[in-house]
Amino acid sequence: MKRINVTDTENWVGWFDMDAAEEIASYKEGDPYVDGKILYVTKKGKLVVHEWNNYSPHEVYRYASSEAEIAEILSRDCTDGAYEEWLVKILGKYEL
């Protein structure tokens with residue numbers, strides 16, 4: 001088990017098992033890659049965003065904050081443009 005702490009802006013709010021989590025979508029920006037986000041779903045069905053930046057020594061794991069944020073991650077990962085269907089499926093199945 002790989003325990004990952006989840007925070008809000010500054011405080012610890014929980015944790016999840018990375019080994020049991022599933023990566024749903026991700027994107028990277030910059031050339032070379034400077035920052036990005038990865039959307040995970042935990043074993044208990046909660047959506048977690050891993051946010052990173054090469055200029056910051058800290059990686060952030062936090063619960064997804066909104067449907068708009070999830071849509072942003074999905075749309076940047078989706079190559080065929082049909083992310084709306086994917087979004088509806090995810091929001092209907094997992095806890096925000």
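Going by the structure above, here's the rest.
So, here's what we can say about the structure. A quick note: this is a predicted structure, and the numbers were derived from the prediction, not measured.

1. Concerning helix α1 (residues 67-77)
Those residues of α1 that fall on the buried side of the exposure criterion are Glu-69, Ile-70, Ala-71, Ile-73 and Leu-74. Residues of α1 that are buried make contact with β3 (22-29), β4 (35-41), β5 (47-53), β6 (60-63) and α2 (83-93).

2. Describing the pairing of β5
Most of β5 sits inside the fold, with 5 of its 7 residues counted as buried. Sheet topology places β4 next to β5; 7 bridges connect them, and they run antiparallel. Within β5, the residue paired with Leu-39 across the bridge is Val-49. The hairpin turn running from β4 into β5, its antiparallel successor, is 5 residues long, and Gly-45 in that turn takes a positive phi close to 90°. In terms of strand pairing, β5 meets β6 through 4 bridges, oriented antiparallel. Within the sheet, the bridge partner assigned to His-50 lies in β6 and is Tyr-61. Hairpin connection between β5 and β6: a loop of 6 residues separates the two successive antiparallel strands.

3. Describing the packing of aromatic side chains
Enumeration over the complete set of coordinates arrives at 2 aromatic pairs. With centroids separated by 6.4 Å and ring planes inclined at 40°, the aromatic side chains of Phe-16 and Tyr-40 adopt a geometry described as tilted. Of the two residues, Phe-16 is situated in strand β2 (residues 12-17) and Tyr-40 in strand β4; the sequence distance between them amounts to 24 residues. Of the two residues examined, Phe-16 and Tyr-40, each falls in the buried class. Feature note: the residues Phe-16, Tyr-40 and Tyr-61 constitute an aromatic cluster, connected by ring pairs. For Lys-46, the ring lying beneath its charged end belongs to Tyr-63, and the centroid distance is 4.4 Å.

What counts and what doesn't
All residue numbers refer to positions counted from 1 along the written sequence of the respective chain. Restriction of local features to residues with pLDDT of at least 70 applies here, the model being predicted, together with a cutoff of 80 or more for giving and counting side-chain atom pairs; totals for whole chains, interfaces and linings are based on all residues. Processing note: side-chain calculations cover all non-hydrogen atoms of the structure and skip hydrogens and water entirely. Only protein chains enter the accessibility calculation, which uses a 1.4 Å probe; a residue is then buried when its area is under 20% of its type maximum, exposed when over 50%, and partly exposed in between. Think of it this way: any DSSP run of H or I at least four residues long counts as a helix, any run of E at least two long counts as a strand, and we number them from the N terminus. Residue contacts are defined here by distance: any two heavy atoms, one from each residue, within 4.5 Å place the two residues in contact. Between any two strands, at least two bridges found by DSSP are needed for them to pair. Note on aromatic contacts: the rings of Phe and Tyr and the six-membered ring of Trp form a pair at centre separations within 6.5 Å, being stacked when their planes are under 30 degrees apart, edge-to-face when over 60 apart, and tilted otherwise. Two conditions define a charge located above a ring, namely a distance within 6 Å from the ring centre to NZ of Lys or CZ of Arg, and an angle within 35 degrees of the ring normal.

Fair warning: the whole summary comes from geometry, so function is off the table for now.
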